[in-house]
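What follows is the residue order along each chain.
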Amino acid sequence: MVSFRELARRLISDGVVKGITHQRISQIRRDDPKGFPPVVPIGRSLAVDYRLARPYFASRKSRQGRRTDLEGKADDE
């Protein structure tokens, strides 16, 4: 069992994802409660079995947001 903070660190170090934060993992858990691996509360933290979480994140399609702050900048110059 690993905390969300440790899960983020391991996913990056194992090359499963380029980058992710423990906050994003919490958000993914809220957005996909049925598909996300089972979570166990440990004190004030949440933990997940890395053996279940790794394949979940490996098969998950990344949905990065579009940077709207950069749109139209090239046209203005």
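As the structure is a prediction and not an experimental result, all values here were calculated from the model.

Engineer: What is the right way to look at the overall build of the chain in this model?
Structural biologist: Each helix and strand in the chain was counted, giving four helices and three strands. Buried residues in the chain amount to 25% of all 77 residues. In the chain, the share of contacts with a sequence separation of at least 24, taken over all contacts with a separation of at least 6, comes to 49%. As displayed, the chain offers around 6,000 Å² of accessible surface, 49% of which is attributable to carbon and sulfur atoms.

Engineer: How do you make sense of the confidence of the model for the chain when you look at a structure like this?
Structural biologist: The predicted coordinates should not be examined in detail at positions where pLDDT is low. Mean pLDDT over the chain stands at 88; residues scoring 70 or higher make up 84%. The lowest-confidence element of the chain is helix α4 (residues 73–76), averaging 54 in pLDDT; the highest-confidence one is helix α1 (residues 4–13), averaging 97.

The rules we used
- Each chain has its residues counted from 1, following the order in which its sequence is written.
- The model is predicted, so local features are restricted to residues of pLDDT at least 70 and side-chain atom pairs to those at 80 or more, both for listing and for counting; the totals for chains, interfaces and linings are taken over all residues.
- In computing side-chain values, all of the structure's heavy atoms are included and hydrogens and water are not.
- Secondary structure is summarised from DSSP: a helix means a run of H or I of at least four residues, a strand means a run of E of at least two, and numbering begins at the N terminus for each.
- Exposed residues in this analysis have more than 50% of their type's maximum accessible area, buried residues have under 20%, and partly exposed residues fall in between, with area computed by a 1.4 Å probe over protein chains only.
- A contact between two residues is defined here by any heavy atoms of the two lying within 4.5 Å.
- Computed by Shrake-Rupley with a 1.4 Å probe, the accessible areas treat only the displayed protein chains as cover when residues are assessed.
- Note on scores: pLDDT gives the predictor's confidence for each residue, bounded by 0 and 100.

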